[in-house]
Amino acid sequence: MDTKFLIESFVTLIVIIDPIGNVPTFLVVTQGKGVKARQRLALDAVLVATVVLGIFAGFGREILGYLGLSLPALQVSGGLLLLIVALQLLTGKQAELTTQPKVNVALVPLATPLIAGPGAIATVLVFAGEVHTVANAIGLALVILIVMLVLLVVLRSSVHLSRLLRDGGIELLSRVFGLLLAAIAVQLAASGVLAFAHGR
């Protein structure tokens, strides 16, 4: 396995999914529910998000081919999309959540678009396009599973975590994740532009 590839994919995915930053939103949309109900919703949301990301990781190339898109185009657009998300983290702006009584919050908005949103999907597609060996394919699958496991642990213990970090601590970590994500987004877009320039 390519260690650099695994580390880069893990860091990028963990930053874009932002487990700590998802805690406040998770607590809001599950407000009024007991601890066991919240833990069940967290499990359901993570399972659904894992399936969504797994589909895009496994069939990313086919999706690109069907739509007539190139990997550099995806890198540039994905980088710009990640940059928008990073700016939202840095400025503290969160998308407004519209909850409907008949909709399971584990599916909407938790699984998607909160967890498996456009940024996470774009990230998975980009790294899936860089997989050229079975070992790296297995590695990427493990990275997705590990990130989802980290997210699950954070969400299930979010009540205790929110008491420990408090609002100020969570906001600080969100800013740090936003800064890291902005750097990754710029690098991703720059790589796509260079690939275009070299005709790849």
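Rules of the game
- Residues numbered from 1 in each chain as written.
- Predicted model: local features only at pLDDT ≥ 70, side-chain atom pairs only at ≥ 80, totals over all residues.
- Heavy atoms only, no water.
- UniProt positions renumbered as here; feature names shortened; annotations may be inferred.
- Salt bridge = Lys/Arg side-chain N within 4 Å of Asp/Glu carboxyl O.
- Helix = DSSP H or I, 4+ residues; strand = E, 2+ residues; numbered from the N terminus.
- Buried < 20%, exposed > 50% of the residue type's maximum accessible area, 1.4 Å probe, protein only.
- Contact = heavy atoms within 4.5 Å.
- Axes fitted to C-alpha atoms, helices over the stretch in contact; angles between N-to-C directions.
- Parallel < 35°, antiparallel > 145°, perpendicular 65-115°, else oblique.
- Left-handed = near helix turned anticlockwise from the far one by under 90°.
- 1 Å grid on protein atoms, 1.4 Å probe; cavity = no way out; pocket = protein on both sides within 12 Å on 5 of 7 lines; lining within 4 Å.
- Points joined across faces, edges and corners; volume = space filled by probe spheres on them.
- Nonpolar A, V, L, I, M, F, W, Y, C, P; charged D, E, K, R; others polar.
- Expected span 1.5 Å × (residues − 1).

If you look the protein chain up in an unreviewed UniProt entry, it shows as UPF0056 membrane protein from Ferrimicrobium acidiphilum DSM 19497. Turning to the protein chain, the UniProt annotation filed under Sequence similarities (unreviewed entry) states: "Belongs to the UPF0056 (MarC) family."

**Student:** I'm lost on the pattern of salt bridges in this one. Help?
**Tutor:** A side chain of one charge can pair with a side chain of the opposite charge if their charged atoms are brought near each other. Counted under the stated rule, the structure contains one salt bridge. For the salt bridge of Arg-40 with Asp-44, the shortest nitrogen-to-oxygen distance reads 3.4 Å. Pair noted here: Arg-40 and Asp-44 are both in helix 3 (residues 35–67), with a separation of four residues, about one helical turn.

**Student:** Help me understand the environment of Phe-26, please; the structure alone is not making it clear to me.
**Tutor:** In this structure, Phe-26 sits in helix 2 (residues 19–29). In this structure Phe-26 comes out as buried when scored by relative accessible area, which is 1%. Separated by 129 residues in sequence, Phe-26 and Leu-155 have C-alpha atoms that sit 7.3 Å apart. With residues up to four places along the chain from it excluded, the contact list for Phe-26 reads Arg-38, Ala-42, Leu-110, Leu-155 and Ser-158.

**Student:** I tried to follow the packing of helix 1 (residues 3–17) against helix 7 (residues 134–156) on my own but got confused; where do I start?
**Tutor:** In a pair of packed helices, the angle between the axes and the distance between the axes together describe the arrangement. Running from amino to carboxyl end, helix 1 crosses helix 7 at an angle of 30 degrees, the nearest separation of the two axes being 10 Å. The angle between helix 1 and helix 7 falls in the class roughly parallel. Note that helix 1 runs across helix 7; the crossing there is right-handed. Contact with helix 1, carried on its side by Phe-5, Leu-6, Ser-9, Phe-10, Leu-13, Ile-14 and Ile-17, involves Asn-136, Gly-139, Leu-140, Val-143, Ile-144, Ile-146, Val-147, Met-148, Val-150 and Leu-151 of helix 7 and no other residues of that element.

**Student:** How should I be thinking about the layout of surface pockets in this particular structure?
**Tutor:** Using a probe with the size of a water molecule, rolled over the atoms, empty space left in the structure can be pinpointed. The computed volume of the second largest pocket comes to approximately 380 Å³. What lines the second largest pocket is a set of 18 residues, among which Glu-8, Gln-75, Glu-130, Leu-188 and Ser-191 lie closest to the centre. When residues of the lining of the second largest pocket are traced back to their parent elements, those giving at least two are helix 1, helix 4 (71–91), helix 6 (118–129) and helix 8 (158–197). The element best represented in the lining of the second largest pocket is helix 8, accounting for six residues. For the lining of the second largest pocket, the per-class residue count stands at ten nonpolar, five polar and three charged.

**Student:** Would you mind going over the packing of helix 1 against helix 6 with me for this structure?
**Tutor:** Relative to each other, helix 1 and helix 6 sit at 170 degrees, their axes nearing to 9 Å. In terms of their interaxial angle, helix 1 and helix 6 are classed as roughly antiparallel. Contacts between helix 1 and helix 6 involve Phe-5, Glu-8, Ser-9, Thr-12, Leu-13, Ile-16 and Ile-17 from the first element and Gly-119, Ala-120, Thr-123, Val-124 and Phe-127 from the second. Among the residues forming the contact of helix 1 with helix 6, the class breakdown is seven nonpolar, four polar and one charged.

**Student:** Is there a simple way to think about helix 6 in this case?
**Tutor:** An α-helical turn contains 3.6 residues, so a residue and the one three or four places further along point in the same direction. With twelve residues, helix 6 should reach 16 Å at 1.5 Å per residue; the first-to-last C-alpha distance of 16 Å fits that figure. Here helix 6 lies mainly inside the structure; eleven of its twelve residues are buried. Every buried residue of helix 6 is listed here: Gly-119, Ala-120, Ile-121, Ala-122, Thr-123, Val-124, Leu-125, Val-126, Phe-127, Ala-128 and Gly-129.

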